[in-house]
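# Close look at the chain arrangement
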Amino acid sequence: MNIAPDITDDIAFLTALRRDLHQHPELGFEEVRTSEIVATLLTEAGIAVDRGLGGTGVVGTLRVGDGTRVIGLRADMDALAMPELAERPYKSLVEGKMHACGHDGHTTLLIGAARHLAKSRNFSGTVHFIFQPAEEGRGGAKRMVTDGLFEKFPCDAVYGLHNMPGLAIDEIAVVEGAQLASSDSWYVTFRGTGTHGAKPHLGRDPITAMGTFLAALQTIVGRVVDPLQPAVVSACSVQAGNPKALNVIPDTVEIGGTARAYSAKVRDQLEAEIERLAMGTAQMFGIAADYRFERRIPPVINDANATARALTAAHKAFGDKVLTAFPPSTAGDDFAFFAAEVPGCYVWLGNGPAVDGALHHNTAYDFNDGAIGPGVSFWTTLVETELKA
Ligand SMILES: [Zn+2]
Ligand SMILES: [Zn+2]
């Protein structure tokens, strides 16, 4: 693969930066130290810096030549609330927090690209380097958008990248269409009338209703959703009664779970069908039901045009090591909120073999520094191709 000499020269610096970030993990919206480092390095590179969107968010802007096209590149900065259990010289210094998803690597790659592009200036147009807080379920991307990200920094396209163990470090996957699922939560409460366990006829039993509801729940995926469209509905929590009071039928049962889909249509279907089953079951048993569907993260769906542009750059940087078919993930990424505003493309950067089987969100996971050169090359090639001088 082709890595520009001044990127190669910067790898020692970037590796040290990555390991420093790894040692000092910060959770979502708490990336005070990380965002300070990001802002300082961007400023030192001569890049205009905006701070405060989404709290700890940082946007660096580099304008070169008279090109009118504007693109955004996204990196996430947050770590996870979990202990790092593997031994390494740059192990997390913060108890109960670690970079187990490689966002330390993502931040480093985008800094590397910013430093290179500010020097080489081999493009014509505007790049916004978007460093977002709180990707891990805390809503950082959504908050940057609500805080006016795209009003302040309008973009013609936006690109995201995630490291992927299992792909070699000289490989990258760029695929049109669905990449990550929507991730929503649902809540059902069945409200009956509690009574003596020996006298069910004197009350209205919500537990029997729950049993019917849970048995019917999988008919949504099996009988309602198009068999060619993936979907997941899982009940993950049931709260009712008390194991120390086995002669009491409780008043209420609370059920909660997750729903995932790769299209807006199926997502709507899941929301409506879970409700229909809950309400129908309640009616069948003569009790009441409350329902709430909480839309957390939309699916990440790569735009055809943005994907074609990313693909051109990927081929330039990675030659024939570009995968154009790669299975989508049932996880979510709130990059979806950026891609909902402007055409977007999300790519998977190889991170080498999963060392000791450690994958994302594992207590032994570590971003592979061998991916720094290829990752920086992808970002810089994308800018130089997208905003051709
Ligand atoms: Zn993660
Ligand atoms: Zn991640």
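This write-up is about the structure you can find in this document. (Residues numbered from 1 in each chain as written. Chains lettered and ligands numbered in written order. Predicted model: local features only at pLDDT ≥ 70, side-chain atom pairs only at ≥ 80, totals over all residues. Heavy atoms only, no water.)

### What about the overall build of the protein?
- Check the secondary structure of the protein and you find 11 helices and 16 strands.
- Principal-axis analysis of the C-alpha atoms places the extent of the protein at approximately 80 × 45 × 35 Å.
- Each of the 389 residues in the protein was classed as buried or not, and the buried ones make up 52%.
- Taking the contacts inside the protein whose residues are at least 6 apart along the sequence as the reference set, 82% of them involve residues at least 24 apart. (Helix = DSSP H or I, 4+ residues; strand = E, 2+ residues; numbered from the N terminus. Buried < 20%, exposed > 50% of the residue type's maximum accessible area, 1.4 Å probe, protein only. Contact = heavy atoms within 4.5 Å.)

### Some thoughts on the coordination of the zinc ion (ligand 1)
- Note on the zinc ion (ligand 1): its protein donors are C101 (SG), E136 (OE), E136 (OE) and H361 (NE2). The metal-donor distances range over 2.0 to 2.8 Å.
- Metal-centred angles of 52 to 151° between the four donor atoms at the zinc ion (ligand 1) mark the site as irregular.
- Each donor residue of the zinc ion (ligand 1) lies on one chain, and together they are spaced C-x34-E-x224-H.
- Between the zinc ion (ligand 1) and the zinc ion (ligand 2), both coordinated by C101, there is a metal-metal distance of 3.2 Å. (Donors = N, O, S within 2.8 Å, 3.2 Å for Na, K, Ca; no water. Tetrahedral: all angles 85-135°; square planar, octahedral: opposite > 155°, others 65-115°.)

### Some remarks on the coordination of the zinc ion (ligand 2)
- Note on the zinc ion (ligand 2): its protein donors are C101 (SG), H103 (NE2) and H162 (NE2). The metal-donor distances range over 2.1 to 2.3 Å.
- In the primary structure, the donors to the zinc ion (ligand 2) are separated according to the pattern C-x1-H-x58-H.
- Among the residues examined, H103 registers a relative accessible area of 0% and is labelled buried.
- Residue class for H162 comes out buried when judged on its relative accessible area of 4%.

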